[in-house]
Amino acid sequence: MKGNSSQLASEAIAPPHNMEAGEDERDPESNDSLQHPLLKRSITLSSNPLALVGAKVSHIESLDYEINENDFFKHDWRSRSKVQVLQYIFMKWTLAFLVGLLTGLIATLINLAIENIAGYKLLAVFQFIENERYLTGLAYFAGANLILTGFASVLCVCFAPTAAGPGIPEIKAYLNGIDTPDMFGVSTLIVKIFGSIGAVAAGLDLGKEGPLVHIGSCIASLLGQGGPDNYRVKWRWLRYFNNDRDLRDIITCGASSGVCAAFRAPVGGVLFSLEEVATWWRSALLWRTFFSTAVVVVVLRGFIELCNSGKCGLFGRGGLIMFDVSNVTVTYQAMDIIPVIIIGILGGVLGSIYNYLLHKVLRVYNLINQKGRMPKLLLSLTVSIFTSVCLYCLPFLARCQPCDPSTTEPCPTNGRSGNFKQFNCAKGYYNDLATLLLTTNDDAVRNIFSSNTPKEFQPVSLLIFFAVYCVLGLFTFGIAVPSGLFLPMILMGSAYGRLLGVIMGSYTNIDQGLYAVLGAASLMAGSMRMTVSLCVIFLELTNNLLLLPITMIVLLIAKTVGDSFNPSVYDIILHLKGLPFLDANPEPWMRNLTVGELANAKSPLVTLSGVEKVSRIVDVLKNTTHNGFPVVDEEVVPPVGQATGATELHGLILRAHLVQALKKKWFLKEKRRTEEWEVREKFTWVELAEREGKIEEVAVTMDEMEMYVDLHPLTNTTPYTVVESISLAKALVLFRQVGLRHLLIVPKYEAAGVSPVVGMLTRQDLRAYNILSAFPHLVRSDCREKQN
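Rules behind the numbers
- Residues numbered from 1 in each chain as written.
- Predicted model: local features only at pLDDT ≥ 70, side-chain atom pairs only at ≥ 80, totals over all residues.
- Heavy atoms only, no water.
- Helix = DSSP H or I, 4+ residues; strand = E, 2+ residues; numbered from the N terminus.
- Buried < 20%, exposed > 50% of the residue type's maximum accessible area, 1.4 Å probe, protein only.
- Contact = heavy atoms within 4.5 Å.
- Pairing = 2+ DSSP bridges.
- Axes fitted to C-alpha atoms, helices over the stretch in contact; angles between N-to-C directions.
- Parallel < 35°, antiparallel > 145°, perpendicular 65-115°, else oblique.
- Left-handed = near helix turned anticlockwise from the far one by under 90°.
- Nonpolar A, V, L, I, M, F, W, Y, C, P; charged D, E, K, R; others polar.
- Core = buried A, V, L, I, M, F, W, Y, C linked by side-chain atoms within 4.5 Å.
- Domains from an automatic or database assignment.

1. Some thoughts on the overall build of the chain
In terms of regular secondary structure, the chain is built from 29 helices and 12 strands. Among the 788 residues that make up the chain, the fraction classed as buried is 59%. Of the contacts formed within the chain by residues at least 6 apart in sequence, a portion of 78% connects residues at least 24 apart.

What follows is the structure in structure tokens.
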């Protein structure tokens, strides 16, 4: 990885003029002079999508969530009939239904494939062990896992690199306003589905929960835009969703559906999007996400009923994590709060330690992955072999336990499911560690969550299980396969939770299985820093409201303890991936800086006239990478007051619309404003919604260079503006909550000769690292505040 936080802070203190001229960088979304550099940026920023004038620009840009209220938008809304409005509403709900339906179907197919592939593999391994062919069993187990891991890794490395990992940080960044490229394409979706099957069936310490969230978002994106880019359906009903704003809502429904499909938790899925991934929310979106998750639950329930009849191979009751303790009486007294608090503290401490170590491991993995495809593939295969050896060999360290004759479950068994795996034990004895390790992850969770089994798992076995999954969890996440963090966290947390329940013994009234649930919740809260959504997810998993008070206590304590050490695991991944994510809380020192001071530190703004010369537009587009330009009219007669010439800020025009005007040859021989009917003959509302045009694709003759373009009909006349005296902290909150790409700065005082716009704020301008590079004294004041 390129630098860490301490390096960034130290480099920000260095004066800007120390940088070489070749390292000056430009913000692709800010509007500054064509000749002068922007604020000096730290060259170590892995997130920097900045470039020199004329250089190749990075692909990381912002999304246009703001409504572009130009003449076309206003005319489109005025001309919509009631039938068209009903079409728009109907399509929103139809897409929400389809997102839930397809996510539920794909999640079911993934579960069926994983359970059957892993099931037949384990049955063969147990057959070798039963015949005392231990080395053959190890070779078969490791070989099968190696093939499955290689399949998943080759798909990711060769066809869709963006499918590797959970995908949740990228979705979080997208909903924050960052255009994460190639994250929701068809190839990513296909690789995510089959890669998840291969990776999870290979027994790697990862889950399918994170990938399911990404899969749901991919489905939503493809439905919203009418299919992949090359084969997009041009259905006129879908034209209403050809914008970033509506697509954001649909992808939010997809993320909620993915969580619901992973845990069968519809309310938890909605709250997960609200708490963790969505930056912007409203009540109508709440209804649609809830509708999508309800559809997912209906689909999953239908397939579960079908599979219970034995028509799904080895699927049976497995594949969908569900720890039903509705028949378990949860009783606890005042003294039971002490172990609950201990679990919460342990979860916060261990979660922050896990985040710290994972950060270090991912930095090392990044260096390996940068060397090419083959190192990526070899890393995945190495982790697979190491995992197979651990899972197969470690159960030999556990002692064989005698079966309890009073149990209703068969004991011992080498079958697909069950809590009493015989492994290498004699008849009438079982291996508790093999029960946890030599099974699918979902069955491992179900086994360790088992209730009314106080003597089933020995402390040594639980300790080994916890240690091995801590190690595997650190070294597995980050390899080139689709992977999720939910399940490793659940397994690790449930191990130390149940271990604490064993230690407490008769001193507590809480069942050991419930201790495991609390441990899993605490570690997830300590690492991911979620509370409300996790609480509801675990309540829907357990189906017992009596767990609510102690679950809330555990989650609150774990999150509070974890926050005192480091950020959440998703924030760490966002930083490592270099995505310019805007946090909800501005830095304290941002209140000591105004947007006017920040604008003064930048070069003069590039503006366009309402009726601009073609040569000027071409020059601006070719020599900048900015995506928005203020449109300023001179000598305008104001509607009120004295009839003298004034300067008017007409609005903001986007780069894509300027390119469209040049492509359509919307040129005038004389400098004049056009009539509304003239513009509508040349442009359509659907065409202006496209964002794929480039100035390099436009050919303009020398004669056309001397002509003019009327920018007024294409200009957003209602851009968001702030007064130059507003604090940077307040501007950041507005920028993030509204979901802006450009924020204009207007002067506090109006006078003759004063421009109506003095600057513009973009995402890069509001990032702490970039601000501190121009105002190094703020770093020192921030350090003093922290010391005090």
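2. Notes on the sheet that holds strand β10 (residues 721-723)
Here we have 3 strands laid out as an open sheet, ordered β10-β11-β12, and mixed in their pairing. Edge positions in the sheet fall to β10 and β12 (759-761), since each of these pairs with one other strand and no more. Across this sheet, the average inter-strand angle for adjacent strands is 35°, counted without regard to direction.

3. Topic: the environment of P375
Inspection of the secondary structure puts P375 in helix α12 (residues 373-393). C-alpha separation for the pair P375 and Y365, spaced 10 residues apart in sequence, amounts to 9.8 Å.

4. Here we look at the packing of helix α11 (residues 337-369) against helix α20 (residues 569-577)
Look at α11 against α20: their axes get within 10 Å of each other, and the N-to-C directions meet at 25°. When the axes of α11 and α20 are compared, the pair comes out roughly parallel. The handedness of the crossing between α11 and α20 comes out as right-handed. Residues N355, L358, H359, L362 and R363 of α11 form the contact with α20, whose participating residues are V569, I572, I573 and L576. Tallied by class, the residues present in the contact of α11 with α20 amount to 6 nonpolar, 2 polar and 1 charged.

5. Some details on the nonpolar core
Of all hydrophobic cores here, the largest spans 126 residues; its most connected members are F263, F465, F486 and M528. A domain-level breakdown of this core finds at least three residues from each of domain 1 (103-309) and domain 2 (336-372 + 390-577). For M528, the residues in contact, after removing those within four places along its chain, are E276, L485, F486, M489, S568, V569 and Y570. Residues V614, V620, L688 and L711 belong to the second largest nonpolar core, which totals 27 residues.

So far we have only geometry, and geometry alone does not tell us how the molecule works.
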